[in-house]
Amino acid sequence: MRVEGIRLSLGGREVLRGVSFEAADGLTLILGPNGAGKTTLLRAMAGIYRPDAGVVEVEGPLGYLPAEFFNVDMRVADVLLAGGGRLEKYSWWLNVVGLAGYEERIFSTLSTGEKKLVLLAKALAEGRTVLLDEPTANLDPAHKALVMGLLSRLKKVKRFIAASHDLDLIDVADSVVLLRGGTAVQLRPEEVTDEELSKTYGARIRSFRLDGRRVFALDF
Amino acid sequence: MDPYIAGTSSGAALGAVAAYLAASALGNAYLFFAYQAALAFALALAASALTVTFGRGNIYATVIAGVAISYLFSALTILALSYLARANPQLPPITFWLFGYLTYVDYKYDAVLAAAAAAVVGLAYLEARRIDLVAISDEISSVRGIRPSRYRLAWLIGISLATALVVAKVGVIGFVGFMVPHIARILLKNGSATALVPASAALGALTLTLSAAVSRGALGFEVPVTAITSLIAVPVMVLALSHARRGD
């Protein structure tokens, strides 16, 4: 899976000005400030936006966990089956994300975390490569831990490309793409120093090691 | 989206009246029968397109745009009909075009309408899973091979065509397309098109038949169907709104 020299304008503004990176197996994490073009980049990979220039090489089938979705009043089974498919396959993935037996529940009545997990199960069932837009946003600590655990285990069988503001995901990533000023820098996770992050976000970010995990602190 | 609220019906009505206008101006009745449905379709499509354009994907903006477009096309219809009524007193009255009358339907046109309805309902049922997906997320639709904007446009054209065929013959019947899916949604407790399409088709036919029966005799004199469907629609709307506010 490869993105080469993508240029893309939205509403007269060139959001992506020659972005290149390679998504090998495992989890590729796209970081960058608000408006840097993370979602735009994922949408370009999904084929929603046609880039003005550059190449997107996709190894499908693709799954997609959107950051925003409609709060539909359908059964969870109908949400999973939307677009077509067999329920047994989806139920298997519903089990994996910890929502066994949720098929008859109404999607709009679920909690934010549960809705996200339902759509994650759908994306996992549909894609060998899964695009994740803000997979840990708006989740409580227990749900966030669940999603991070799932991603770190499932990245051996799926290829993940995640766009996020959540620096904790660096610990789960195999490769990190920093988006700044419309271009991208691809680094290994251990190369993503506090200086790189501070430069990317324009804020002073420091991190510490705690039990092998990286913990972030923001100066304000 | 109900064609009545989106302005589609009003556009179709103006198109049908415009066909009258053209036929009477050219003194050619054949022209009228040939082009009535086509003109109704063209203006129904124009009205829906205007509503969707002004709505820009925002549900509130779309509803407001739909109301404005409905009134605009209704006003133009009234103007055209007032002008026509002076020259041709034998035309159906204005109330027919604005509020719907089932009386003028004959079996030949019934067959056309039945075929159109069967096509729309059948296609919607076959496409139900894809309609659901487009309702959930543009991104997921896209990776599953559906272009959401094109898909919505295709349905807009299809629904405008079906609406034009109906309105050209029976005038504008309000609120059935809005109210019936809502009743179905509340009864079934499920907003999936797989459930709503067959339920709405059955319930819609029942509602219109009952409304037509009431409009023709129950009051001792004949009234336009829209008066009855609107009377039923208001409590349903209130129910739907309170349902939405509870968040379930």
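Residues numbered from 1 in each chain as written. Chains lettered and ligands numbered in written order. Predicted model: local features only at pLDDT ≥ 70, side-chain atom pairs only at ≥ 80, totals over all residues. Heavy atoms only, no water.

Opposite the 26 residues of chain A that make contact, chain B presents 20 residues. Both faces combined, the contact of chain A with chain B buries some 2,100 Å², and carbon together with sulfur accounts for 55% of it. Summed over the three residues of chain A that lose the most area to chain B, namely Asp73(A), Met74(A) and Gly83(A), the buried surface amounts to 23% of that side. The interface formed by chain A and chain B holds four salt bridges in total. Salt-bridge contacts for Arg129(B) lead to Asp78(A); the nearest nitrogen and oxygen are separated by 3.0 Å. (Contact = heavy atoms within 4.5 Å. Buried area = accessible area lost by both parts, 1.4 Å probe. Salt bridge = Lys/Arg side-chain N within 4 Å of Asp/Glu carboxyl O.)

Turning to helix H6 (residues 194-201) of chain A, a few remarks are in order. Residue and element names in this part refer to chain A. Those residues of H6 that fall on the buried side of the exposure criterion are Asp-194, Leu-197, Ser-198 and Thr-200. One face of H6 carries all of its buried residues, which in axial projection span an arc of 160°. In H6, those exposed residues whose orientation departs by more than 90 degrees from the buried face are Glu-195 and Lys-199. Buried residues in H6 make contact with strand S3 (26-31), strand S8 (175-180), strand S10 (205-210) and strand S11 (213-218). (Buried < 20%, exposed > 50% of the residue type's maximum accessible area, 1.4 Å probe, protein only. Helix = DSSP H or I, 4+ residues; strand = E, 2+ residues; numbered from the N terminus. Arc of directions from axis to C-beta.)

The next subject is the pattern of salt bridges. Two side chains carrying opposite charge are able to pair once their charged atoms lie near each other. All names here are of chain A. This structure, assessed with the given rule, holds 25 salt bridges over all chains. Between Arg-2 and Glu-4 there is a salt bridge whose closest N-O contact spans 2.8 Å. By relative accessible area, which is 26% here, Arg-2 ends up partly exposed. Take Glu-4: its relative accessible area is 37%, and that puts it in the partly exposed class.

Before going further, it helps to spend a moment on the sheet that holds strand S1 (residues 2-10) of chain A. All names here are of chain A. Read from one edge of the open sheet, three strands run S2-S1-S4, paired in antiparallel fashion. One side of each edge strand has no neighbouring strand; the edge strands of this open sheet are strand S2 (13-22) and strand S4 (53-57). Sheet twist, expressed as the average angle between the axes of neighbouring strands with direction ignored, equals 30°. Two elements, S1 and S2, share seven bridges in a ladder whose sense is antiparallel. (Pairing = 2+ DSSP bridges. Axes fitted to C-alpha atoms, helices over the stretch in contact; angles between N-to-C directions.)

This part covers the packing of aromatic side chains. Residues and elements named next belong to chain A. Using the criterion set out here, one finds two aromatic pairs over all chains in the structure. Seen from their ring centres, Phe-69 and Phe-107 are 5.9 Å apart, and the 65° between their planes marks the pair as edge-to-face. Of the two residues, Phe-69 sits in the loop between strand S5 (62-65) and helix H2 (76-81) while Phe-107 sits in the loop between helix H3 (87-96) and helix H4 (112-126), which places them 38 residues apart along the sequence. By relative accessible area, which is 24% here, Phe-69 ends up partly exposed. Residue Phe-107 is classed as buried on the basis of its relative accessible area, which comes to 0%. Taking 4.9 Å as the distance between ring centres and 85° as the angle between the ring planes, the aromatic pair formed by Trp-92 and Trp-93 counts as edge-to-face. The exposure class assigned to Trp-93 is buried, which follows from its relative accessible area of 11%. Above the face of the Tyr-90 ring, Lys-89 is positioned so that its terminal group lies 5.9 Å from the ring centre. (Phe/Tyr/Trp six-rings, centres within 6.5 Å; stacked < 30°, edge-to-face > 60°. Lys NZ or Arg CZ within 6 Å of the ring centre and 35° of its normal.)

Further remarks concern the sheet that holds strand S7 (residues 159-163) of chain A. Residues and elements named next belong to chain A. The sheet built from six strands is open, its strands ordered S5-S6-S7-S3-S8-S9 with mixed pairing. In the strand order of this sheet, the two ends are held by S5 and strand S9 (183-187), each with one partner. Taking each pair of neighbouring strands and ignoring which way they run, the sheet shows an average axis angle of 15°. Relative to S7, S3 is paired through five bridges, and the arrangement is parallel.

Attention shifts here to a nonpolar patch on the surface. Residues and elements named next belong to chain B. Together, Ile-59, Tyr-60, Val-63, Val-67 and Tyr-71 give the surface a local cluster of nonpolar side chains, amounting to about 570 Å² of exposed area. Inspection of the secondary structure assignment puts Val-67 in helix H3 (residues 59-87). Judged by its relative accessible area of 41%, Val-67 falls in the partly exposed class. (Patch = residues over 30% accessible without salt bridge, like charges linked within 9 Å, V, L, I, M, F, W, Y side chains within 5 Å. Areas by Shrake-Rupley, 256 points an atom, 1.4 Å probe, with all protein chains shown as cover.)

Before going further, it helps to spend a moment on the packing of helix H9 (residues 176-188) of chain B against helix H10 (residues 193-218) of chain B. Residues and elements named next belong to chain B. At a closest axis distance of 9 Å, the pairing of H9 and H10 adopts a crossing angle of 125°. The angle between H9 and H10 falls in the class oblique. As for how H9 packs across H10, the hand of that crossing is right-handed. The residues of H10 that touch H9, namely those facing Val-176, Met-179, Val-180, Pro-181, Ile-183, Ala-184, Arg-185, Leu-187 and Leu-188, are Ala-195, Leu-196, Ala-199, Ser-200, Leu-203, Gly-204, Thr-207 and Leu-208. Taken together, the residues of the contact of H9 with H10 break down into 13 nonpolar, three polar and one charged. (Parallel < 35°, antiparallel > 145°, perpendicular 65-115°, else oblique. Left-handed = near helix turned anticlockwise from the far one by under 90°. Nonpolar A, V, L, I, M, F, W, Y, C, P; charged D, E, K, R; others polar.)

A negative phi holds for most residues other than glycine; trans holds for most peptide bonds. Residue and element names in this part refer to chain A. In the segment running from Gly-60 into Pro-61, the intervening peptide bond is cis, with an omega of -5°. For Asn-138, which is not glycine, the phi dihedral falls at a positive 60°. When its relative accessible area of 67% is taken as the criterion, Asn-138 is described as exposed. Non-glycine residue Asp-211 carries a positive phi angle of around 50°. You can see Asp-211 is positioned in the loop between S10 and S11.

Attention now moves to the domain arrangement of chain B. Residues and elements named next belong to chain B. As assigned here, chain B comprises domain 1 (1-98 + 105-172) and domain 2 (173-243). Contacts between the two partners involve 13 residues from domain 1, matched on the other side by 13 residues from domain 2. The junction of domain 1 with domain 2 conceals about 1,100 Å² of combined surface from both sides, 71% of it contributed by carbon and sulfur atoms. Taken together, the links from domain 1 to domain 2 amount to zero salt bridges. Contributing elements (two or more residues each) for the side of domain 1 that touches domain 2: helix H5 (107-126) and helix H6 (128-136). Looking at which element gives the most residues to the side of domain 1 that touches domain 2, the answer is H6, with four residues. When the residues that make up the side of domain 1 that touches domain 2 are grouped by side-chain class, the tally is nine nonpolar, one polar and three charged. (Domains from an automatic or database assignment.)

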